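Structural characterization, general
For reference, the chains in residue letters:
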Amino acid sequence: MNVAIIDYNAGNVQSVLFTMERLGIQATLTADHEQIQQADKVIFPGVGEANTTMNFIKERGLDKVIPALKQPVLGICLGMQLLCEYSEENDTDCLGIIPQKVLRFQPANGEKVPHMGWNQVYHLQGALFDESLEKKYTYFVHSYYVEKGDFTTALCDYVLPFSAALQKDNFYATQFHPEKSGCIGEAILKNFLKL
Amino acid sequence: MLAKRIIPCLDIKDGRTVKGVNFVNLRDAGDPVELGKLYSEKGADELVFLDITATHEKRKTLASLAKNIAKNLNIPFTIGGGIRSVEDVDVLLQSGADKISINSAAVRNPDLIGDLAKAFGSQFVVVAVDAKLIDGEWMVFLSGGRVKTEVRLFDWVKECQERGAGEILFTSMDHDGTKAGFANDPLAKISTELSIPIIASGGAGTMEHFYETFTEGKADAGLAASIFHFREMEIMDLKKYLSEKGVSVRR
């Protein structure tokens, strides 16, 4: 299997690459259109700021490539947020693949922002998850969240119930970092690789 | 619910983990990568690797260690020790580090916090603060506790947050190595006044100490070294205890 990890020099792409190595998967870090288009699976990782990252993606022409992909695509953290329509983070128009909005956490009871650490995911649906993962802890680091909507496949509670995972057609996404979520994260990545 | 985090800290000197009692009398406790892997299997939520020789010996990067850790670990880790510039940090990010921690360099050059937050995001920047109670006032110390400053702890942590720090790792030098409990009073004050997560460090000796620092000290995470390194406490047992006391932990 040939996995392309979209390299946009912003996020912690190395950890995703190392995780693939640990799972015995050949993965390539690349921003090359053809390499991405021809991969069996595409991972769109991310840690960083939405606006800068979207600009970088547009400069590389990836805003045309990513939405047209037909193979399974996995967006992680900022990668998930950029698959959506719009982010409040510096008023950013995103890729518009999943018609949901990205909003900033508004703490109501002194919750800290960013939401950083291990939290439980629940109401799991779709091919990334199986029953054994219900209410397990995964690792989150984010200040913006995707509201609960038609494409939500997992929930997490922080300030309010928000989308911990999304899916639309061949586009899968997690707000948490499966590459940093221990054995649970590896199980989710294996489920993605099996698609 | 968001879990309280248990973080073993691996102090590193010459590529080996050590832990000082009040920052002197170093004892050897093994290979950092092997120990890190073991902790991740035993239930650690996160790891902190601090090269305690780095500031003193002016070593610039920990890149090869970061890469080795990142290849072998599937939980988040922070790496620090002697980081002075955006370039130092860029190398660590490229090596797979999840967060970096800065201490003395941030006090000497506070602009560094903002520069790092802007370049890599706040979530990447942990500011470690060592402090000691002097004549009723908590004061910041540098270089692993060797250099006293005129900077007040509470002013400094607020400034760190305003400049873009994503997390504060607070070590009370008065409590570090004593195994008599964390400095819960200053911790609670910091945690209440700031909106970013706080890691409590220094003084862990019993499971109750962790319970107290998560409740009275309002800490988001508890960090310890020797009690874990010398198997005086198993992380799984600690989490079972905390869970029974109603503290949310990952199990």
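The text that follows walks through the structure, step by step, so that each part is easy to find.

Cut-offs used in this document
- Residues numbered from 1 in each chain as written.
- Chains lettered and ligands numbered in written order.
- Predicted model: local features only at pLDDT ≥ 70, side-chain atom pairs only at ≥ 80, totals over all residues.
- Heavy atoms only, no water.
- Helix = DSSP H or I, 4+ residues; strand = E, 2+ residues; numbered from the N terminus.
- Rg over C-alpha atoms; globule rule 2.2 N^0.38 Å.
- Buried < 20%, exposed > 50% of the residue type's maximum accessible area, 1.4 Å probe, protein only.
- Contact = heavy atoms within 4.5 Å.
- Buried area = accessible area lost by both parts, 1.4 Å probe.
- Salt bridge = Lys/Arg side-chain N within 4 Å of Asp/Glu carboxyl O.
- Polar contact = N/O pair within 3.5 Å; in protein donor to acceptor, adjacent residues only side chain to side chain.
- Nonpolar A, V, L, I, M, F, W, Y, C, P; charged D, E, K, R; others polar.
- Core = buried A, V, L, I, M, F, W, Y, C linked by side-chain atoms within 4.5 Å.
- Phe/Tyr/Trp six-rings, centres within 6.5 Å; stacked < 30°, edge-to-face > 60°.
- Lys NZ or Arg CZ within 6 Å of the ring centre and 35° of its normal.
- Pairing = 2+ DSSP bridges.
- Axes fitted to C-alpha atoms, helices over the stretch in contact; angles between N-to-C directions.
- Patch = residues over 30% accessible without salt bridge, like charges linked within 9 Å, V, L, I, M, F, W, Y side chains within 5 Å.
- Areas by Shrake-Rupley, 256 points an atom, 1.4 Å probe, with all protein chains shown as cover.
- Lys, Arg positive; Asp, Glu negative; His and termini not counted.
- Charge placed at Lys NZ, Arg CZ, Asp CG, Glu CD.

Overview of the overall build of chain B
What chain B contains, in helices and strands, is 11 helices and 12 strands. For 251 residues, the compact-globule formula gives about 18 Å, and the C-alpha radius of gyration of chain B, at 16 Å, lands near that figure. Dimensions of chain B along its principal axes, counting C-alpha atoms only, are 45 × 45 × 40 Å. Expressed as a percentage of the 251 residues in chain B, the buried residues total 59%. Taking contacts inside chain B between residues at least 6 apart in sequence as the whole, the part at least 24 apart equals 65%.

Focus on the interface of chain B and chain A
Each partner contributes residues to the interface: chain B has 37 residues there, and chain A has 28 residues. Of the roughly 2500 Å² buried between chain B and chain A on both sides combined, carbon and sulfur atoms contribute 54%. At the junction of chain B with chain A, the criterion picks out two salt bridges. A salt bridge links Asp98(B) to Lys180(A); the nearest nitrogen and oxygen atoms lie 2.9 Å apart. Where chain B meets chain A, there are 16 residue pairs in polar contact (both at pLDDT 80 or more). The element that contributes the greatest number of residues to the side of chain B that touches chain A is helix α3 (residues 63–72) of chain B, accounting for four residues. Its residues placed into classes, the side of chain B that touches chain A shows 15 nonpolar, 10 polar and 12 charged.

What to know about unusual backbone geometry
Put simply, Val113(A) and Pro114(A) share a cis peptide bond, and its omega is 10°. Within the fold, Pro114(A) resides in the loop between β7 (98–104) and β8 (115–120). At Asp135(B), a residue that is not glycine, the phi angle is positive and equals roughly 50°. Relative accessible area serves as the criterion here: at 81%, Asp135(B) is assigned to the exposed category. Phi is positive for Lys218(B), which is not a glycine, with a value near 50°. For Lys218(B), the position within the fold is in the loop between α9 (207–215) and β12 (221–224).

Thoughts on the nonpolar core
In this structure, Ile79(B), Ile102(B), Val127(B), Ile168(B), Phe210(B) and Phe228(B) are the most contacted members of the largest nonpolar core, which totals 76 residues. In terms of residues, this core owes the most to one element, helix α7 (residues 153–163) of chain B, which gives five residues. In this structure Val127(B) touches Ile102(B), Ala106(B), Ile113(B), Trp156(B), Cys160(B), Ala165(B), Glu167(B), Ile168(B) and Leu169(B), once residues within four positions along its chain are discounted. Counting residues in hydrophobic clusters, the runner-up holds 34 residues, among them Val113(A), Cys156(A), Tyr158(A) and Leu189(A).

Digging into the environment of Glu89(A)
Residue and element names in this part refer to chain A. Within the secondary structure layout, glutamate 89 lies in the loop between β5 (84–87) and β6 (92–93). The exposure class assigned to glutamate 89 is buried, which follows from its relative accessible area of 12%. Sequence-distant contacts of glutamate 89, defined by excluding residues within four places in its chain, comprise Gly48, Glu49, Ala50 and Tyr144.

Some details on the packing of aromatic side chains
On inspection of all chains with the given rule, the structure shows 14 aromatic pairs over all chains. Pairing Phe49(B) with Phe77(B) gives two aromatic rings, centres 5.9 Å apart and planes at 90°, and the pair type is edge-to-face. Placement of the pair is Phe49(B) in strand β4 (residues 47–51) and Phe77(B) in strand β5 (residues 77–80), with a sequence separation of 28 residues. Residue Phe49(B) shares its accessibility class with Phe77(B), and that shared class is buried. Ring pairing ties together the aromatic residues Phe105(A), Phe140(A), Tyr145(A), Tyr158(A), Phe162(A) and Phe176(A), which thus form one cluster. Positioned above the aromatic ring of Tyr144(A) is the side chain of Arg104(A), whose terminal nitrogen or guanidinium carbon lies 5.4 Å from the ring centre. Positioned above the aromatic ring of Trp118(A) is the side chain of Arg250(B), whose terminal nitrogen or guanidinium carbon lies 3.7 Å from the ring centre.

As for the sheet that holds strand β13 (residues 171–174) of chain A
Residues and elements named next belong to chain A. Taken in spatial order, the seven strands make up an open sheet running β2-β1-β3-β4-β13-β12-β11, and their pairing is mixed. Two strands bound the open sheet, and with one partner strand each, they are β2 (26–30) and β11 (152–158). Between one strand and the next, the sheet's axes are offset by a mean angle of 25°, whatever the strand orientation. Inspection of the sheet shows β11 paired to strand β12 (residues 160–168) by six bridges, in the antiparallel sense. Residue pairing across strands places cysteine 156 opposite phenylalanine 162, the latter belonging to β12. Each of β1 (2–6), β3 (41–44), β4 (73–76) and β13 is contacted by helix α6 (residues 182–194), which is oriented at about 140° to β3, the strand it contacts most.

Some details on a negative patch on the surface
Residues and elements named next belong to chain A. A surface patch of like charges, here negative, comprises Glu85, Glu88, Asp91 and Asp93. The topology assignment puts glutamate 85 in strand β5. Relative accessible area serves as the criterion here: at 37%, glutamate 85 is assigned to the partly exposed category.

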